[in-house]
Amino acid sequence: MFRKRPESARPTVPVSVEGRAVRVPEGASAAAAVLLAGFGSIRDTAVSGAPRAPYCLMGVCFDCLAEIDGEPNRQSCMVTVAPGMAIRRQRGKRAATVA
Amino acid sequence: MKSYDAIVIGGGLVGAAIAYGLARDGLKPALIDEGDVAFRASRGNFGLVWVQSKGIGAPHYQRWTRLSSEQWLRLAPELAARTGIDVGHERPGGLHLCLSEAEFAERRARMEQMRQEAGNFGFEYRMLDHDEAAAMLPGLGSAVVGASWTPYDGHANSLYLLHALHKGFVERGGTYLPNRMIDYAGVAPREFRLGSGADEVAAPKIVLAAGLGNAKLAPLFSLAAPVRPQRGQILVTERAGRLLERPTTTVRQTVEGGIMIGDSQEDVGFDTTQRPDVMQAIAERAVRSFPWLAGLQVVRAWAALRVMPPDGLPIYDESEKFPGAFTANCHSGVTLAAAHANAFAPMVAAGELAPEMAAFSARRFDVPQAA
């Protein structure tokens, strides 16, 4: 579904989405990595558990929430990829832990 | 011109609760609402159904609040049965956290005064030390000296509540008229006509529940509603697994998992802008109360305006000059929703306020200043 624009020849960085390796252009968002890796959804909602995918891609809708490098509920569209980044599915509510 | 059994002006929580109660009890009311541009306290509030500390020095307000807390146990399941909307009401008792010995001593005196003023009506409360409070609230910070607790406090999802009241109102045959301002009012005893744009509506009863708008509306009916805006700011965190089983005055976890953090009391007029210094103070106190909150992201924040009478107590009145015209004004639209639907609306339906409501009249502000 998603293809890179032909003039885009940026270097790529390796990341993983749910353990699946994918190379994405430098400067792209973690949400772009989710889509390039071919995932149809990246979170299950906190209340009903419905699957959701990156949608607005501009930090508003919160449907792209993912666990990134171990930190839950990140807005993946607002996070720039870095080499080795691990993006994982956000499964419902995060845990809150009492220190 | 369309005629109804009653007209309620104001589709926020106060007006919707009264209109719902009227429709449920068999009247054919109309509910006139401003629209999305309104200063809508109902959309900005904290969602507590709160009893402790309400009505110090004013036992009638304590009783009214307690009555509503009890009636909530009827209203919430009734709304769920009628509308299919679970408003998320819980009544597990609530705590007010004290972050210094001075706060604790002041709170203790306040709660004891509440108990004394309750008289034979009774007022159950306990002052908890840090360990007792920590047993009720996991992860309580060491800065918390203690807390006051009563079994009467609870909370609810106030947006679902507003939705359910509107839905229940319409399903019982109520007529909802949104996006309207009152252009003119024809006022006579038990004969009211309101013009709004091309519409004219009439009814023998009218209830002014327009929040801050009541200040201007009430004099048209020979009533007084000297309410002013008081700004409150709220922060909300990302949704997290359930940790807090009980609400506190300023921190509570919603059934959906978000943690709401309040609140402020600012007298700044009709200004709903947010202030970083206030938000910072709110967040700092919350993190001192629950240090683990620092690990959660704040995802939303807003400011809204309370509807504040001069002495903080609700104002309920029926016009002496124009019987059939009532006002309802308060800053506790969630807490008092059940009292409005189950006690106030039946009084309106019956055509007069019960004698115990006299203490809530705006006539209390008419006392001349002593020389």
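Residues numbered from 1 in each chain as written. Chains lettered and ligands numbered in written order. Predicted model: local features only at pLDDT ≥ 70, side-chain atom pairs only at ≥ 80, totals over all residues.

Draft legend 1. Here's a closer look at helix α7 (residues 276-289) of chain B. With 14 residues, α7(B) should cover 20 Å at 1.5 Å per step; its first-to-last C-alpha distance of 20 Å lies within 8% of that length. Residues of α7(B) that are buried make contact with β5 (94-98), β14 (228-237), β15 (251-253) and β16 (259-261) of chain B. (Helix = DSSP H or I, 4+ residues; strand = E, 2+ residues; numbered from the N terminus. Expected span 1.5 Å × (residues − 1). Contact = placed C-beta atoms within 7 Å.)

Draft legend 2. Examining the sheet that holds β16(B) more closely. Residues and elements named next belong to chain B. Read from one edge to the other, the open sheet built from four strands follows the order β15-β16-β14-β17, with strand pairing classed as antiparallel. Pairing within the sheet leaves two strands with one partner each, and these edge strands are β15 and β17 (298-308). Put simply, the sheet's adjacent strands are angled 25° from each other on average, direction ignored. With ten bridges connecting them, β14 and β17 associate as antiparallel partners. By the bridge assignment for β17, R231 is matched with L305. Sheet contacts for α7: β14, β15, β16 and β17; angle to β14, the most-contacted strand, approximately 55°. (Pairing = 2+ DSSP bridges. Axes fitted to C-alpha atoms, helices over the stretch in contact; angles between N-to-C directions.)

Draft legend 3. Here's a closer look at the interface of chain A and chain B. In this complex, chain A contributes ten residues to the contact, which on the side of chain B involves 13 residues. Grouping the amino acids of the side of chain A that touches chain B by side-chain chemistry returns six nonpolar, two polar and two charged. (Nonpolar A, V, L, I, M, F, W, Y, C, P; charged D, E, K, R; others polar.)

Draft legend 4. The pairing of strand β7 (residues 146-150) of chain B, seen in detail. Residue and element names in this part refer to chain B. Of all five residues in β7, five are buried; the element is thus mostly enclosed. Residue alternation in β7 divides its side chains into two sets, G146, S148 and T150 and A147 and W149, and both sets are buried. The pairing of β5 with β7 spans five bridges and is antiparallel. Bridge assignment links G94 to a residue of β7, and that residue is T150. Pairing between strand β6 (residues 126-129) and β7: four bridges, direction antiparallel. Within β7, the residue paired with D129 across the bridge is G146. (Buried ≥ 20, exposed ≤ 12 C-beta atoms within 10 Å, placed from the backbone.)

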